[in-house]
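Here are the chains, one letter per residue:
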Amino acid sequence: MHDDRSLLDERLTRTVRQRIRPEVYGAAVPLTLEVWHAPGEPVPVAEALAASYGPAKVGDAWGAPWATSWFRMSGTVPAEWAGRHVEAVVDLGFTHPGPGFQCEGLAYTPEGKPIKGLAPRSTHLPVGTSVAGGEDVLFYVEAAANPVIQDIVPFQPTELGLKETAGADPIYHVVRAELAVFNRDVWDLLLDIEVLNSLKNELPDREPRRWDIQRSLDRALDRLDFLDVPGTAALARAELADVLSRPANASAHQITAAGHAHIDSAWLWPLRETVRKCARTFSNVTALMEEYPEFVFACSQAQQYAWMKERHPDVWQRVKDKVATGQFVPVGGMWVESDTNMPGGEAMARQFIHGKRFFLDEFGIETEEVWLPDSFGYSAALPQLVKLSGSRWFLTQKLSWNQINRFPHHSFYWEGIDGSQVFTHFPPVDTYNSDLLGADLARASRQYSEHGKATRSLVPFGYGDGGGGPTREMLETARRSKDLEGSPRVTIEAPAAFFAAAEAEYTDAPVWSGELYLEKHRATYTTQARTKQGNRRSEHLLREAELWATAALLKGGYDYPYEQLDRLWKTVLLHQFHDILPGSSIAWVHREAEARYAEVAAELESIIAGALSTLVGEGEQTVVFNAAPHSRSGVPGLGAGAVDSGSAQPVSVDGLVLDNGLLRVAVDERGLITSIRDLVADREVLAPGTFGNLLQLHVDTPNQWDAWDVDPFYRNNVRDLVEADEVVAVDEGKDVGAIRVRRTFGKSTLTQVLRLPAGERRLDVTTEVDWQEVEKFLKVAFPVDVHADRSTSEIQFGHLHRPTHVNTSWDAAKFEICAHRWVHVGEPGYGVAVVNDSTYGHDITRKARPEGGTTTTVRLSLLRAPRYPDPLTDQGFHRLNYSLAPGAAIGDAVREGYRVNLPERRVTGSGTVAPVFTVDNPGVVVEAVKAADDRSGDIVVRLYEALGGRARAVVTPSFPATGVRETDLLERTLADLSLADNGVAVELRPFQVLTLRFTR
């Protein structure tokens, strides 16, 4: 037989495009259009319904970037259409090929009830499946003129990301608005063809099934009369019935298809637009559930549900109704799909606490799946927090973006730093926006790593980010692919059903230990420094506010601000979303984040001031409050008192040499540190021939994803900033020696103050910079004379070791790493820590010296200047603090990290404040002290083992306690514990997180 496949494929392609698809809608009449252009920001629907509308027509321009126009669309169904299936078809001007990322609409009834969203691949509005004819039709459509930020040629700098610079000219034109007869037979034929053709294209060339489908499709086209496609569509479908009815192979891969709409809580649009994207998408899917009872839609991010409850009550009610039927399924158990690299330990815990509690309070549902398909790598602290939140399973998709190494598993147990394991699935379909056609289904089966051990994977399907979620076409595709020869079996069901079955059949699943490092998007540890500073400062202010408010509550006469703290926590958690905290959103998002962080700081400072005032009362004494978990200057951790100045040696300043008896730091005329002598250990800290605190400026032009990525070739182009405008000793008193260095480079200016405090084995550096560079990367280097084959980085509730060598491609891929408050490098008997107050990105390398010895270089990533999606990323003023602590062990690094992020507070009053809790083991660290969320009056303390070893400790409250319980993160009892002498003895495994609830 001759091979005529290409001829038949060309015939099918043209027939579908020119003959079949245009006939899905038959007879049509135009709708009458009227428009009202809303001034300013979006308005409530009631205001829009009452507005004065003017005439409009198809072809009219509308919508300046980020503006909203309301269209009133009216018409009458022709009498001759009686008994036909009629729909309104609306194209607001969809121009971009993607299903989202452009103009969108939400249609309302004249009474203001939402109907469904309008998006490029969901353009219909229901009228009736068997209309009487002569009915009047009236819709209102809220049309959002969201500009296309990521265009067909991506990563182009654009001014569209900020309303003030986006322009005022309309950017869309109405393309279509009409009533039309929906030809169901033609639509069904189109879907039959798409399902079979997409399956055929994935089958091997000589597979008989491929040829059966090819010939059946050809026969179907023969039966089609192009002059009467609606009238002959059923005949064409009959030719396809046999190949569509053949069952799947007995060993076919099993796919759980879960409806999904990945909606970034902010990204190329502001937060306010995400609220509307949710309303459109949730309206779509709840409407589809009426037509398709098998449809299950999995939706994460409690914040998005909360937005509906607050701002779209009708949509919220529809969601609640479908949650009750089991079709709308809450998943995720977190407040948002957050970044997991940079949020602090307590913040990460609160993501689960607030997310899970919302779903419990609103729906009575205990979510068990942690759903993070798109975050940029996953902290090794997560498995423990997942389990402590009451969840069992974890899902991610993002690791398929790895640049170098293919992740080896699709179902596995993920083990965290404390030994906790959670069953984890990484869908082999490699997308969280599947359309369920043959290419996706075949990819899921072909790439599945567990064949021979397990049989099933999960496919999230639906258009995200404004595309409207799953479509009726996808649901029809799922019906056709449920049991189809040559295809995996497809079952629509909730993720929990998949996880339960997958874990049950794969009891010997492999184990992956440690972080799930994403070999991409490494620059997100640095981009948008002010957003990251706002997060770090907010986290520590929240710690202080809860601690001192709890102490004031215990003293009496103080109202604990439950609602206010709850609201502020949720604000901070929202801004930890994986495109906000990482710095990868448009300018609007980050300017708004800076404003929100300032508001959060002001409120928290007010709470702290009020609590401290209650605690110290009247008096003229200076009382020092220490919110850190370790004592300092004679003030106990978590308490307050007078500073013990001790007998520290005064700091001497001799020219450009600082000496406090513990360290001697020498600076040259260029402002470079030439020596850091550890006088305690009697050794030089800097490697021979190197300079400390060396600022280095790299050219930073990644291949793509500018705000997200730094590619390894950035190291090929570097300039050491060694020229100084001023280097001078500064008199800051006997308790500190200081040297000020001023530099200019490019269009930027930078001032650093190097401080050596009395009695401390630590060098502090404050950097103030007016950053005006473009596509540059600023780092600061400390090349130290230690032989370290690994570095240690603080993560949530512990730390993580990473290699400093590049033995394997996995090691080499980690050329930029994330750390929280400190990193540490060391050799047996001696280590050096570098701590910071707002920096997350680091790189740590080592190099053998020709004369012998090893130089280990620790670099902090300070600032970047990518141009997409925010062309002015990080421009302007920044203040950064970091410190070098020679001779530091891991415990010293932990202490110094808290110190720099929780500066002492000095208040005028009287007396002392006993620590709310004391812990007799310095390796067991208190992370949070708070009043119990249920307002019972119980007091909660969360602590963890910080050194990586087993620990015993006695935790003693400052107040009389009648009982103590170990709880999960949601403060639910896990075990009753025994009090002895008003304290409780605990044993912790390495890095264990322990939450204790004390009853007063």
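A quick note: this is a predicted structure, and the numbers were derived from the prediction, not measured.

Analysis parameters
- Residues numbered from 1 in each chain as written.
- Predicted model: local features only at pLDDT ≥ 70, side-chain atom pairs only at ≥ 80, totals over all residues.
- Heavy atoms only, no water.
- Salt bridge = Lys/Arg side-chain N within 4 Å of Asp/Glu carboxyl O.
- Buried < 20%, exposed > 50% of the residue type's maximum accessible area, 1.4 Å probe, protein only.
- Pairing = 2+ DSSP bridges.
- Helix = DSSP H or I, 4+ residues; strand = E, 2+ residues; numbered from the N terminus.
- Axes fitted to C-alpha atoms, helices over the stretch in contact; angles between N-to-C directions.
- Contact = heavy atoms within 4.5 Å.
- Core = buried A, V, L, I, M, F, W, Y, C linked by side-chain atoms within 4.5 Å.
- Expected span 1.5 Å × (residues − 1).
- Polar contact = N/O pair within 3.5 Å; in protein donor to acceptor, adjacent residues only side chain to side chain.
- Parallel < 35°, antiparallel > 145°, perpendicular 65-115°, else oblique.
- Left-handed = near helix turned anticlockwise from the far one by under 90°.
- Nonpolar A, V, L, I, M, F, W, Y, C, P; charged D, E, K, R; others polar.
- Phe/Tyr/Trp six-rings, centres within 6.5 Å; stacked < 30°, edge-to-face > 60°.

## Details of the pattern of salt bridges
Phase 1: For the coordinates displayed, the defined rule picks out 98 salt bridges.
Phase 2: Note that Asp682 and Arg677 form a salt bridge whose closest N and O atoms lie 3.0 Å from each other.
Phase 3: Given the relative accessible area of 28%, Arg677 is considered partly exposed.
Phase 4: The network of salt bridges with common partners includes Glu41, Glu104, Glu142, Lys163, Arg272, Glu273, Arg276, Lys277 and Arg280.

## What about the sheet that holds strand 19 (residues 421-425)?
Phase 1: Here five strands make up an open sheet; going across it, the order is 16-17-19-18-22 and the pairing mixed. On the outer flanks of this sheet lie strand 16 (369-371) and strand 22 (511-513), each paired with one strand and no other. Ignoring which end each strand starts from, the neighbouring axes of this sheet average 30° apart.
Phase 2: The pairing of strand 18 (residues 411-415) with strand 19 spans five bridges and is classified as antiparallel. Each residue of the ladder has a partner; that of Ser411, found in strand 19, is His425.
Phase 3: Its contacts with the sheet put helix 13 (residues 495-505) on strand 16, strand 17 (393-395), strand 18 and strand 19, and the angle it makes with strand 17 is roughly 110°.

## Here we look at the nonpolar core
Phase 1: If you look at the biggest cluster of nonpolar residues, it comprises 216 residues, and the most contacted ones within it are Phe282, Phe328, Phe394, Trp548, Phe625 and Phe998.
Phase 2: When residues of this core are assigned to their parent elements, the largest contribution, 12 residues, is made by helix 16 (residues 587-616).
Phase 3: Apart from residues no more than four positions distant in its own chain, Phe394 is found in contact with Val370, Leu372, Tyr378, Leu382, Val386, Trp414, Val422, Phe423, Thr424, His425, Phe499 and Leu516.
Phase 4: Ranked by size, the runner-up nonpolar core spans 46 residues in total, among them Phe745, Trp771, Ile844 and Leu880.

## Observations concerning the pairing of strand 2 (residues 32-38)
Phase 1: Pairing of strand 2 with strand 5 (residues 68-76), which is carried by seven bridges, proceeds in the antiparallel orientation. If you follow Glu34 over to strand 5, its bridge partner there is Arg72.

## Details of the environment of Pro126
Phase 1: Of note, Pro126 is situated in strand 9 (residues 124-128).
Phase 2: Residues Pro126 and Ile739 lie 613 residues apart in sequence; the distance between their C-alpha atoms is 73 Å.
Phase 3: Beyond its immediate sequence surroundings of up to four residues, Pro126 is in contact with Val86, Ile115, Lys116 and Phe139.

## Looking at the sheet that holds strand 12 (residues 176-182)
Phase 1: Taken in spatial order, the four strands make up an open sheet running 1-12-6-9, and their pairing is antiparallel. Of all strands in the sheet, those with a lone pairing partner are strand 1 (25-30) and strand 9, marking the two edges. Each strand of the sheet is rotated relative to its neighbour by a mean of 30°, with strand direction disregarded.
Phase 2: When strand 6 (residues 86-91) meets strand 12, the two strands line up antiparallel, connected through six bridges. Counted as the bridge partner of Val86 is Val181 from strand 12.

## Describing the side chain of Glu971
Phase 1: By the element assignment, Glu971 lies in the loop between strand 50 (963-967) and strand 51 (973-977).
Phase 2: When its relative accessible area of 6% is taken as the criterion, Glu971 is described as buried.
Phase 3: Excluding residues that lie within four positions of it along the chain, Glu971 makes contacts with Lys930, Ala932, Asp933, Val940 and Arg997.

## Remarks on helix 14 (residues 529-555)
Phase 1: Spanning 27 residues, helix 14 covers 39 Å between terminal C-alpha atoms, matching the ideal 39 Å at 1.5 Å per step.
Phase 2: Downstream of helix 14 by a residue or two, Gly556 has a phi angle that is positive, lying close to 105°.

## A closer look at the environment of His842
Phase 1: Along the chain, His842 turns up in strand 42 (residues 841-848).
Phase 2: Owing to a relative accessible area of 0%, His842 belongs among the buried residues under this scheme.
Phase 3: Taking the C-alpha atoms as reference points, His842 and Val858, separated by 16 residues in sequence, lie 7.3 Å from one another.
Phase 4: In this structure, His842 is in contact with Lys779, Phe815, Glu816, Ile817, Ala819, Val823, Asn836, Arg859, Leu860 and Ser861, ignoring residues within four places of it in sequence.
Phase 5: Within the structure, His842 has its side chain in polar contact with the backbone oxygen of Tyr840 (distance 2.9 Å).

## Examining the packing of helix 6 (residues 271-291) against helix 8 (residues 313-325)
Phase 1: Two elements in contact, helix 6 and helix 8, have axes whose closest approach is 10 Å; the angle formed by their N-to-C orientations is 45°. Between helix 6 and helix 8, the angle falls in the class oblique. Of the two possible hands of crossing, helix 6 and helix 8 adopt the one that is left-handed. When helix 6 is examined against helix 8, the residues Ala279, Phe282, Ser283, Thr286, Ala287, Met289 and Glu290 are found in contact with a partner set consisting of Val315, Arg318, Val319 and Lys322.
Phase 2: Here the residues of the contact of helix 6 with helix 8 are counted per class, giving six nonpolar, two polar and three charged.

## Remarks on the packing of helix 8 against helix 9 (residues 345-363)
Phase 1: Two numbers describe how helix 8 lies on helix 9: the axes approach to 11 Å, and their chain directions differ by 85°. Looking at the two axes, helix 8 sits roughly perpendicular to helix 9. Seen from helix 8, the contacting residues are Trp316, Lys320 and Val323; seen from helix 9, they are Phe358, Glu362 and Phe363.
Phase 2: Tallied by class, the residues present in the contact of helix 8 with helix 9 amount to four nonpolar, no polar and two charged.

## Quick word on the side chain of Asp843
Phase 1: For Asp843, the location among the structural elements is in strand 42.
Phase 2: Among the polar contacts listed, one links the side chain of Asp843 to the side chain of Lys779, at a separation of 2.6 Å.
Phase 3: Residues contacting Asp843, with those up to four places away along its chain left out, are Tyr714, Arg715, Lys779, Phe815, Glu816, Thr857, Val858 and Arg859.

## Remarks on the pairing of strand 8 (residues 114-118)
Phase 1: Along strand 8, five of the five residues are buried, which leaves the element largely enclosed by surrounding structure.
Phase 2: Hairpin connection, strand 7 (residues 104-108) to strand 8: the antiparallel pair is bridged by five residues, and Gly112 has positive phi, about 85°.

## A short note on the packing of aromatic side chains
Phase 1: Under the defined criterion, the tally for this structure stands at 49 aromatic pairs.
Phase 2: Relative to Tyr305, the ring of Phe282 lies with its centre 6.3 Å away and its plane at 45°, an arrangement referred to as tilted. Of the two residues, Phe282 is situated in helix 6 and Tyr305 in helix 7 (residues 302-311); the sequence distance between them amounts to 23 residues. Each member of the pair, Phe282 as well as Tyr305, carries the same accessibility label: buried.
Phase 3: Centroid distance Tyr378 to Phe394: 5.5 Å. Interplanar angle 80°. Geometry classified as edge-to-face.

## Points about unusual backbone geometry
Phase 1: A cis amide bond, omega 5°, links Tyr868 with the succeeding residue Pro869.
Phase 2: Residue position: Pro869 is located in the loop between strand 43 (854-864) and strand 44 (876-886).
Phase 3: Residues other than glycine seldom take positive phi values, yet Asp981 does so here, at roughly 55°.
Phase 4: According to the relative accessible area criterion, Asp981 is exposed, its value standing at 79%.

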